[in-house]
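Examination of the molecular architecture
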Amino acid sequence: MTAPGCPAASRPLVVTLAYDGLCTFEFGVSVEIFGLPRPELGDSWYRFAVAAVDEGELRATGGVRLMTDGGYELLEQADTIVIPGWRGANMPVPEKLCSALRLAHQRGCRLISICSGVFVLAASGLLNGQQATTHWRYTDELRQRFPAIKVVDDVLYVGDSQLMTSAGSAAGIDLCLHVVREDFGLEVANNVARRLVVQPHRDGRQTQHLERPVARSRESERLGQLFDWLHLHLAEPHSLASLSRRVGMSQRTLLRRFREATGVTPAHWLLNERLRQAQQALSKSRISIEQVALNSGFGSASALRHHFQQQFAISPQAYRKKFT
């Protein structure tokens with residue numbers, strides 16, 4: 001979005017909304033990702049401000065009181081506006097806020113909602129005819145109250161370059177990292193994720209976790225033991241048939257329970273865990289790329305390079321140089 005060394009006034013301004021009854025986790029996500037100084041990135045990082053949308057004292061969850069950088073005038077200057085989870089899915093949204101968001105969108109400002117913050121965008125009318133998501137607890141209510149919105153179930157985030165919505169609170173991290181990736185590229189986004197100690201990239205299409213991860217306690221215990229065992233045996237070959245035999249379930253039952261517990265198939269889960277182990281080995285050891293591939297279960301350096309490039313758009317060798 002900007003070049004290193006650019007003057008402060010030309011750096012993109014991210015403004016996060018604050019209101020009475022603020023959801024502190026979602027607010028903290030926006031502060032952590034966009035508001036912290038990043039001296040390693042030079043002078044190009046975002047400017048950041050907090051805008052009050054209510055008058056008077058702002059009380060947040062947990063007994064916190066807030067002081068902000070300004071009010072609605074900040075929305076007129078913002079390049080990106082972040083809407084944390086709203087104070088209640090059924091709570092009215094001030095028309096003044098809706099109007100300010102419509103004006104911001106009209107001049108090209110990017111609007112992001114986290115979790116129930118989607119109800120603010122919905123009230124503004126900006127999501128009519130657009131895809132949107134929210135926490136799985138609220139998708140039915142969003143669909144019923146705003147039938148003009150194309151509600152997408154069971155994804156982490158969805159949207160275009162100007163309107164983006166995320167699912168539950170933690171999915172806001174994924175969406176904000178996606179924004180950083182769009183603005184500054186993969187390496188910067190990975191740097192930010194590394195400081196957060198989170199996975200660098202979860203695709204927005206990845207499913208949300210379900211309310212009932214595992215149906216029966218015995219199955220839950222067996223799956224937990226399977227996860228522990230797999231972490232110790234990532235280098236070995238595994239199949240749905242071999243894993244189902246290990247836990248004493250049919251392949252169909254294991255696949256269903258695995259999806260309910262993790263949101264992905266066993267094969268997808270294994271690939272992610274092997275990539276994570278390879279990342280750790282590349283950054284913390286000097287063993288060869290071939291050995292990293294063998295230790296993490298890829299079988300060959302070429303297979304590791306293929307999956308690394310596909311997932312992170314960077315080669316294992318380049319990753320090692322970047323993060324060692």
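For the structure, see preceding data.
Residues numbered from 1 in each chain as written. Predicted model: local features only at pLDDT ≥ 70, side-chain atom pairs only at ≥ 80, totals over all residues. Heavy atoms only, no water.

**Things to note about the overall build of the protein**
When its secondary structure is counted, the protein shows 14 helices and ten strands. When each of the 324 residues of the protein is scored for burial, the buried share is 49%. When contacts within the protein are restricted to residue pairs at least 6 apart in sequence, long-range pairs at least 24 apart make up 65% of them. Looking at the protein as shown, the accessible area adds up to about 15400 Å², and 50% of this sits on carbon and sulfur atoms. (Helix = DSSP H or I, 4+ residues; strand = E, 2+ residues; numbered from the N terminus. Buried < 20%, exposed > 50% of the residue type's maximum accessible area, 1.4 Å probe, protein only. Contact = heavy atoms within 4.5 Å. Areas by Shrake-Rupley, 256 points an atom, 1.4 Å probe, with all protein chains shown as cover.)

**So, the nonpolar core**
Formed by 45 residues in total, the largest nonpolar core has its most connected members in Leu 75, Ile 81, Leu 97 and Leu 101. Looking at this core, the elements with two or more residues in it are strand E1 (13–18), strand E2 (47–52), strand E3 (58–60), helix H2 (72–75), strand E5 (80–83), helix H3 (95–106) and helix H4 (118–124). Those residues in contact with Ile 81 that sit more than four places away from it in its chain are Val 15, Leu 17, Leu 75, Leu 101, Ala 104, Cys 109, Arg 110, Leu 111 and Ile 112. Counting 27 residues, the second largest nonpolar core, distinct from the first, contains Ile 112, Cys 115, Cys 176 and Phe 184. (Core = buried A, V, L, I, M, F, W, Y, C linked by side-chain atoms within 4.5 Å.)

**Details of helix H7 (residues 186–196)**
Considered for burial, the residues of H7 that qualify are Leu 186, Val 188, Ala 189, Asn 190, Val 192 and Ala 193. Buried residues along H7 sit in contact with helix H1 (24–35), helix H6 (171–184), helix H13 (301–312) and helix H14 (316–323). A positive phi of about 55° marks Val 197, the residue just after H7.

**Quick word on the pattern of salt bridges**
Counted under the stated rule, the structure contains nine salt bridges. A salt bridge links Arg 87 to Asp 54; the nearest nitrogen and oxygen atoms lie 2.5 Å apart. Pair noted here: Arg 87 is in the loop between E5 and H3 and Asp 54 is in the loop between E2 and E3, with a separation of 33 residues, a long-range link. Relative accessible area serves as the criterion here: at 19%, Asp 54 is assigned to the buried category. Here Arg 276 makes a salt bridge to Glu 273, at a shortest N to O gap of 3.7 Å. Taken together, the residues Arg 276 and Glu 273, both in helix H11 (residues 266–284) and three residues apart, mark about one turn of the helix. Each of the salt bridges in this network shares a partner with another, and the network as a whole consists of Asp 140, Arg 143 and Asp 153. (Salt bridge = Lys/Arg side-chain N within 4 Å of Asp/Glu carboxyl O.)

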